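Observations on the three-dimensional arrangement
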Amino acid sequence: MNGPIVQPRVPAVPLLAVEDLRIGFGAHQPVSGVGFDVREGETLAIVGESGSGKSLTALSIMGLLPSSARIAPGSSIRFEGREISALSVKDARALRGGSIGMIFQEPMTCLNPVMTIGDQVAEALRQHQPLTRKAAKARAVELLDLVRIPDPHRRVADYPHQLSGGMRQRVMIAIAVACGPRLLIADEPTTALDVTIQAQVLDLIDRLRRELSMAVLLITHDLGVVAQWADRVVVMYAGRKVEQGEPDPLFARPLHPYTQGLLTASPRLDDNFHYSDGPLNEIPGSISSVAGQVGCAFAPRCAHACTACRETIPVLHHLTDGRQVACPVLITEEHRVAAFHR
Amino acid sequence: MSLLSIADLSTHFRLPNGALRALDGVSLDLQAEETLGIVGESGCGKSTLGKTILRLVQPTSGSIRFAGEDVTTVPTRKLAQFRRRAQMVFQDPFASLNPRHTIRKILTDPLVVHGIGDKPERARRVEDIVQRVGLDAGALDRYPHEFSGGQRQRVGIARALILEPDLVICDEPVSALDLSIQAQTLNLLSRMKADLNLSYIFISHDLSVVRYFTDRVLVMYLGRVVESAPTRALWSAPRHPYTRALMDAVPDPARRRHAAPIKGDLPSPQDVPTGCRFHPRCPLATEICTRVEPTLDRLGDGHSAACHHA
């Protein structure tokens, strides 16, 4: 796939900078100390299973957390250098759907069933830009064409139920990119779609990323999607970042036992391994068993866990090539030495 | 003799705006202790096929023979005998377990319905199966909501296996589960197959899982089988363009190669294209494909494909 447009020079201020993000519900803290950057024009993927905190992280950037959630003091989310949580309601609203576009898993629940898709795209435009009704409508047709909806002049008058799941997600994408966002947040955008349609939609998102020079924050549980589309990956487990890096080295040589476990637990399409050859590698237990424990959240399921792992939360080690890992056991000397030299 | 033999099975649903041909002339054979995978996308008829085999849905035409006996039209009372030997595991372990019943009741009920054993015998069987699927005996007096998705799927599997069936139809059994739980569940299913000499029909949209878990595969598209082959042969040489498109569309961490996705949307099963159903999306389609529906032809070595250009 093509690399991001604004590379390799890393700009001084990243487009989005999340630091020490902690989200609490009462005494519960499902996101506890997550930090990452999204650079201009790149695709950053956050991958994790249910309960990893990946969707809450995305919602907090969009300012869409449920009202019972609290972002802890000291957490920081900066977009183009500005702290998002300090924005007024009006400014936050201008940002959402303006400079930050978003799409979700279920296009049917996000679209208004009693409004034509053309009116919904036009509404998004008129929220943020001083356009006449007619001009907005004309622009809506262009946007439907941009997301490759066939025959946009006719389809503009369709209602969501007249479209297939893939077409509905294209409409959502048209709405999300209507105002030329700098960042598109895509929360499980293809999970509800069939594989051949998933491939089309991911292909479309990546084409728009290049044509509109926007960055993409892709939230997914699918390692395959990450490997094919992301420039960088953040792996989350039980509310923390456990590993970060570029997909090729990360998948070739995972440095966190959880990432390693996930990769060896999944059957591979290009692999001849068959049930008659033996069982799949299992990660024992489940993520739900971590509630209320101290130390590394993955320790109860980890084959490498020692006493220290159960007592203190491991620090995030910064290695070469932007690689980060919150576990010392699989880091080799070469990673360490190289990191030291930097 | 095949354990299950299906010939020219069709299931059509009558809807206000015309017929929906969910299943349109499907034939298959399943040998004892074999795992047959059924893959395809939405609307291909894979779930309808599973339900029709168990007679949860009435077929429109065709025949289903189980262990040599025709079960297509048998009356309800005899149907119970068939279902004792053919069970189902569902996709959503949240929706398929009664939230008001304890696990003990969920597992005992099938034994009561089929009049198997007396009270102590049933209790013994329930305790045995719970332990076999990797839950502890303490689980028996708890309710489904107290368990995680993976544990609930273990209960679903235990319920299917408590009657000691010969055939289990697994309809997307791991699709709703997290990746780390999928491996645990697949390993459990494969252990149970070896322990209890089961045959599986394994319905899934996930090609990587099907490749690992099945002996033979049927690829379905809009109600019809487009390709059928032993699993390894299918992956080493897929013959139908749809099978190839499906394989290319699956993102896999092991290959960053990046095939151009096939064009077009999945047509509605209510509005099936003429000729070959795949022709509007097919890169190889020619004039004949728009007119003549290809038959599923044998290509040798148990491999068949329904394509004019295969």
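Fair warning: this is a prediction, and the values are worked out from it, not measured in the lab.

Considering the confidence of the model for chain A
Averaged over all residues, the pLDDT of chain A is 89; the fraction at 70 or higher stands at 92%. The model gives residues 1-8 of chain A a pLDDT under 50, and that stretch makes 16 contacts with residues more than four places away or in other chains.

A word on helix H3 (residues 103-113) of chain B
All names here are of chain B. The set of residues buried in H3 consists of Ile103, Ile106, Leu107 and Thr108. Next to the buried residues of H3 lie helix H4 (119-132) and helix H5 (149-161). After H3 finishes, the residue Gly115 shows a positive phi value of roughly 60°.

With respect to the interface of chain B and chain A
The partner chain A presents 43 residues to the 36 residues of chain B that form the contact. Breaking the side of chain B that touches chain A down by element, the ones donating at least two residues are helix H6 (179-196), helix H7 (207-213) and helix H9 (241-249) of chain B. By residue number, the principal contributor to the side of chain B that touches chain A is H6(B), which donates eight residues. Looking at the side of chain B that touches chain A residue by residue, the class counts come to 19 nonpolar, ten polar and seven charged.

Comments concerning the nonpolar core
Ranked by internal contacts, the top residues of the largest apolar core, which has 182 residues, are Val121(A), Ala174(A), Leu183(A), Ile185(A) and Leu217(A). With eight residues, helix H7 (residues 165-177) of chain A is the single largest residue contributor to this core.

Some words on the pairing of strand E2 (residues 28-38) of chain A
Residue and element names in this part refer to chain A. Sheet topology note: the strand E1 (residues 16-25)/E2 ladder contains seven bridges and is antiparallel. Within E2, the residue paired with Leu21 across the bridge is Val34. Between E1 and E2, which pair antiparallel one after the other, the connecting turn spans two residues, and Gly26 there sits at a positive phi close to 60°.

Some points on helix H1 (residues 46-53) of chain B
Residues and elements named next belong to chain B. Burial of H1 is extensive: seven of the eight residues sit out of reach of the surface. Of the residues making up H1, those classed as buried are Lys46, Ser47, Thr48, Leu49, Gly50, Thr52 and Ile53. One or two positions beyond H1, positive phi appears at Arg55, with a value near 60°.

Side note on the packing of helix H11 (residues 257-265) of chain A against H6(B)
Interaxial distance between H11(A) and H6(B) falls to 9 Å at its minimum, and their mutual angle equals 45°. Compared by their axis directions, H11(A) and H6(B) come out oblique. Read as a crossing pair, H11(A) and H6(B) show a hand that is left-handed. The segment H11(A) lies against H6(B), with Gly261(A), Leu262(A) and Ala265(A) engaging Leu179(B), Ser180(B) and Ala183(B). The residue makeup of the contact of H11(A) with H6(B), split by class, is four nonpolar, two polar and no charged.

Cut-off values and rules
- For every chain, the first residue of the written sequence is number 1, and numbering continues from 1 along that sequence.
- Each chain takes a letter, starting from A, and each ligand takes a number, starting from 1, following the order in which they are written.
- Under the rules for a predicted model, residues below a pLDDT of 70 receive no local features and side-chain atom pairs below 80 are neither given nor counted, while totals for whole chains, interfaces and linings still include all residues.
- Per-residue confidence from the predictor is reported as pLDDT, which spans 0 to 100.
- Residues are scored as being in contact if the C-beta atoms we place from backbone atoms lie within 7 Å.
- Partly exposed residues are those whose C-beta has more than 12 but fewer than 20 other C-beta atoms within 10 Å; 20 or more makes a residue buried and 12 or fewer makes it exposed, with C-beta atoms placed from the backbone.
- A run of DSSP states H or I qualifies as a helix once it reaches four residues; a run of E qualifies as a strand once it reaches two. Both are numbered from the N-terminal end.
- Throughout, the ten residues Ala, Val, Leu, Ile, Met, Phe, Trp, Tyr, Cys and Pro are labelled nonpolar, Asp, Glu, Lys and Arg are labelled charged, and all others, Gly among them, are labelled polar.
- Note on terminology: a nonpolar core is any set of buried Ala, Val, Leu, Ile, Met, Phe, Trp, Tyr and Cys residues joined through C-beta atoms within 7 Å.
- Pairing between strands is defined by DSSP: at least two bridges between the two strands are required.
- For helices, the axis comes from a line fit to the C-alpha atoms of the stretch in contact; other axes are also lines fit to C-alpha atoms, and the angle between any two N-to-C directions lies between 0 and 180 degrees.
- Angles below 35 degrees are treated as roughly parallel, those above 145 as roughly antiparallel, those between 65 and 115 as roughly perpendicular, and all remaining angles as oblique.
- Each helix crossing is assigned a hand: it is left-handed if the near helix lies turned anticlockwise from the far helix by less than a right angle, otherwise right-handed if that turn is clockwise.

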